[in-house]
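Working through the structure, step by step
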Amino acid sequence: AETPTERSVRAAAAPSVDAKVVARGRYIARTAGCNDCHTPGYAMSGGQVDEANWLVGDSLGWEGPWGTTYPINLRLFMKDLSAEQWLQVARSPARPPMPWFALRDMTDEDLLALYHYIRSLGVAGEPAPSYLPPGEVAQTPVVKFPGA
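This section reports on the structure supplied with the text. (Residues numbered from 1 in each chain as written. Predicted model: local features only at pLDDT ≥ 70, side-chain atom pairs only at ≥ 80, totals over all residues. Heavy atoms only, no water.)

Right, let's talk about unusual backbone geometry for a bit. Between Pro96 and Pro97 the backbone carries a cis peptide bond, its omega angle lying at 0 degrees. Within the secondary structure, Pro97 sits in the loop between α5 (83-90) and α6 (100-104). Of note in this structure, Leu55 is not a glycine but carries a positive phi near 65 degrees. (Helix = DSSP H or I, 4+ residues; strand = E, 2+ residues; numbered from the N terminus.)

Here is the structure:
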């Protein structure tokens, strides 16, 4: 039997995208740690954030020798990105602490499932704050890494 979550994922999927692909993307988002940074309050609540609020980015900064980075709003980011562009972006280095190497090592199939899942959620939220170079003071809360 289909669970309510599986039913909502299936309903949200684009008609041309198999619901199993979207469900696989949801599973990857949950288990690969995407929500830990890209969903406000997710890690601190033990994952108890309504799925409607997943992957909208966060204003909690990550400060280190590289400057201050913010988890982008993936739902806004993906809206104008083609699947091919996503595969290129996913395999390109990103500023810390984004574990871009985890995306680099995923199969195309898994990366595309993640892409289709995020797009199935629809556009929501606001853009995250912009990157700040070293020495610029963040106006938001930050997690400080050694050397910051």
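Attention shifts here to the packing of helix α2 (residues 19-31) against helix α7 (residues 108-121). Put simply, α2 and α7 touch, their axes get as near as 7 Å, and they point 95 degrees apart. The angle between α2 and α7 places the two elements in the roughly perpendicular class. When α2 is examined against α7, the residues Val21, Val22, Arg24, Gly25, Arg26, Ile28 and Ala29 are found in contact with a partner set consisting of Asp110, Ala113, Leu114, His116, Tyr117 and Ser120. Across the contact of α2 with α7, the residue classes tally to 7 nonpolar, 3 polar and 3 charged. (Axes fitted to C-alpha atoms, helices over the stretch in contact; angles between N-to-C directions. Parallel < 35°, antiparallel > 145°, perpendicular 65-115°, else oblique. Contact = heavy atoms within 4.5 Å. Nonpolar A, V, L, I, M, F, W, Y, C, P; charged D, E, K, R; others polar.)

In this section: the pairing of strand β1 (residues 61-64). Here β1 shows two buried faces, one formed by Gly61 and Glu63 and the other by Trp62 and Gly64. As paired strands, β1 and strand β2 (residues 67-69) are joined by 3 bridges and run antiparallel to one another. Bridged to Trp62 within β2 is Thr69. Hairpin remark: β1 followed by β2, antiparallel, with 2 residues in the connecting loop. (Buried < 20%, exposed > 50% of the residue type's maximum accessible area, 1.4 Å probe, protein only. Pairing = 2+ DSSP bridges.)

With that settled, the discussion passes to the packing of α5 against α7. Packed helix pairs are characterised by how far apart their axes lie and by the angle those axes make with each other. Across the interface, α5 lies against α7 with an axial gap of 10 Å and an inter-helix angle of 115 degrees. Handedness of the α5/α7 crossing: right-handed. Together, Ala83, Trp86, Leu87 and Ala90 of α5 and Asp108, Leu111, Leu112, Leu114 and Tyr115 of α7 make up the contact between the two elements. Residues that form the contact of α5 with α7 fall into these classes: 8 nonpolar, no polar and 1 charged. (Left-handed = near helix turned anticlockwise from the far one by under 90°.)

A few words now on the packing of aromatic side chains. Tallied over the full model, the rule gives 5 aromatic pairs. Between the aromatic rings of Trp54 and Tyr117, the centroid separation amounts to 6.4 Å while the plane-to-plane angle is 65 degrees, which identifies the pairing as edge-to-face. Residue Trp54 is found in the loop between α3 (34-38) and β1, and its partner Tyr117 is found in helix α7; the two are separated by 63 residues along the sequence. Note on Trp100 and Phe101: the rings are 6.2 Å apart at their centroids and 70 degrees apart in plane angle, and the pair reads as edge-to-face. When the ring centre of Tyr131 is taken as origin, the NZ or CZ atom of Arg95, which lies over that ring, is 3.4 Å away. (Phe/Tyr/Trp six-rings, centres within 6.5 Å; stacked < 30°, edge-to-face > 60°. Lys NZ or Arg CZ within 6 Å of the ring centre and 35° of its normal.)

Turning to α5, a few remarks are in order. Of all the positions in α5, only Ala83, Trp86, Leu87 and Ala90 are classed as buried. Taken down its axis, α5 places every buried residue within 100 degrees of arc, on the same side. Facing away from the buried surface of α5 by more than 90 degrees, the exposed residues are Glu84 and Gln88. Buried-residue contacts for α5 involve α4 (74-79), α6 and α7. (Arc of directions from axis to C-beta.)

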